[in-house]
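# Tertiary structure, described
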Amino acid sequence: MEQESPPGYVMLLSSADMMADESCREDAARIAALPAALRDELRKYLQQLLAGVERSDRACIWLDKSTMRCRHHEHRPSICRDFEIGTDKCQSWRQEFGIDQ
Ligand code: SF4
């Protein structure tokens with residue numbers, strides 16, 4: 001299991017149809033409100049992904065690994081907002097990534 005970028009954002013950025021889809025309205029608005037530097041960071045990641053560039057680090061590009069916190073918490077996508085810390089799913093992810101409990 002890997003999550004190399006903010007869930008859903010790269011897919012939205014690469015599809016005007018998805019950006020216009022009502023079910024993606026909240027995240028589309030968040031992407032539209034991102035500072036240009038963050039949108040550029042996501043586009044750069046997408047270009048590398050499409051070019052087949054493999055990252056040695058499989059963690060989300062917005063994760064600050066020194067603090068294990070999101071670097072852009074205020075801009076995080078819906079799925080990150082809905083994720084409940086401390087649940088079985090959360091523990092499963094932490095185990096998957098070897099994060100100390
Ligand atoms: S909370 Fe932040 S660091 Fe974690 S997956 Fe979402 S965008 Fe990435």
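First, a word on scope: everything that follows refers to the structure included in this document. Keep in mind it's a predicted model, so treat the numbers as computed, not measured. (Residues numbered from 1 in each chain as written. Predicted model: local features only at pLDDT ≥ 70, side-chain atom pairs only at ≥ 80, totals over all residues. Heavy atoms only, no water.)

A separate point is the overall build of the protein chain. Check the secondary structure of the protein chain and you find 6 helices and 2 strands. Relative to its length of 101 residues, the protein chain is compact, with a C-alpha radius of gyration of 14 Å against a globular reference of 13 Å. The principal-axis extents of the C-alpha atoms in the protein chain amount to approximately 40 × 30 × 20 Å. Each of the 101 residues in the protein chain was classed as buried or not, and the buried ones make up 29%. Taking the intrachain contacts of the protein chain between residues at least 6 apart in sequence as the baseline, contacts between residues at least 24 apart amount to 54%. Separation of charge centres in the protein chain, based on 14 positive and 18 negative side chains, amounts to 4 Å. (Helix = DSSP H or I, 4+ residues; strand = E, 2+ residues; numbered from the N terminus. Rg over C-alpha atoms; globule rule 2.2 N^0.38 Å. Buried < 20%, exposed > 50% of the residue type's maximum accessible area, 1.4 Å probe, protein only. Contact = heavy atoms within 4.5 Å. Lys, Arg positive; Asp, Glu negative; His and termini not counted. Charge placed at Lys NZ, Arg CZ, Asp CG, Glu CD.)

The next thing to look at is the packing of aromatic side chains. Counted by the stated rule, this structure contains 1 aromatic pair. With a centroid separation of 5.9 Å and 80° between ring planes, the pair formed by Tyr9 and Trp62 is classed as edge-to-face. Separated by 53 residues along the polypeptide, Tyr9 in helix α1 (residues 9–13) and Trp62 in the loop between α4 (36–50) and β1 (63–64) bring together distant segments of the chain. Of the two residues, Tyr9 and Trp62, both sit in the buried class. (Phe/Tyr/Trp six-rings, centres within 6.5 Å; stacked < 30°, edge-to-face > 60°.)

Turning to empty space enclosed by the protein, a few remarks are in order. All chains considered together, the criterion is met by 1 cavity of 30 Å³ or more. Roughly 30 Å³ of volume is contained in the largest cavity. Along its surface, the largest cavity is lined by Glu4, Tyr45, Gln48, Leu49, Val53 and Arg55. Class assignment for the residues of the lining of the largest cavity results in 3 nonpolar, 1 polar and 2 charged. (1 Å grid on protein atoms, 1.4 Å probe; cavity = no way out; pocket = protein on both sides within 12 Å on 5 of 7 lines; lining within 4 Å. Points joined across faces, edges and corners; volume = space filled by probe spheres on them. Nonpolar A, V, L, I, M, F, W, Y, C, P; charged D, E, K, R; others polar.)

For Ser15, the position within the fold is in the loop between α1 and α2 (16–20). A distance of 3.0 Å separates a polar atom in the side chain of Ser15 from the backbone nitrogen of Met18. (Polar contact = N/O pair within 3.5 Å; in protein donor to acceptor, adjacent residues only side chain to side chain.)

Okay, α4 next. The end-to-end C-alpha distance of α4, which contains 15 residues, comes to 21 Å, matching closely the 21 Å that a straight helix rising 1.5 Å per residue would cover. For α4, the elements touching its buried residues are α1 and α3 (25–32). Looking one or two residues beyond α4, the residue adopting positive phi is Gly52, at roughly 80°. (Expected span 1.5 Å × (residues − 1).)

Tracing the backbone through its elements, the reader meets Arg76 in the loop between β2 (69–70) and α5 (78–82). Excluding residues that lie within four positions of it along the chain, Arg76 makes contacts with Tyr9, Arg30, Trp62 and Arg81.

The next subject is α3. Among the residues of α3, Asp27, Ala28, Arg30 and Ile31 are the ones counted as buried. Projected onto a plane normal to the axis of α3, the buried residues spread over an arc of 160° and lie on a single side. Packed against the buried residues of α3 are α1, α2, α4 and α5. (Arc of directions from axis to C-beta.)

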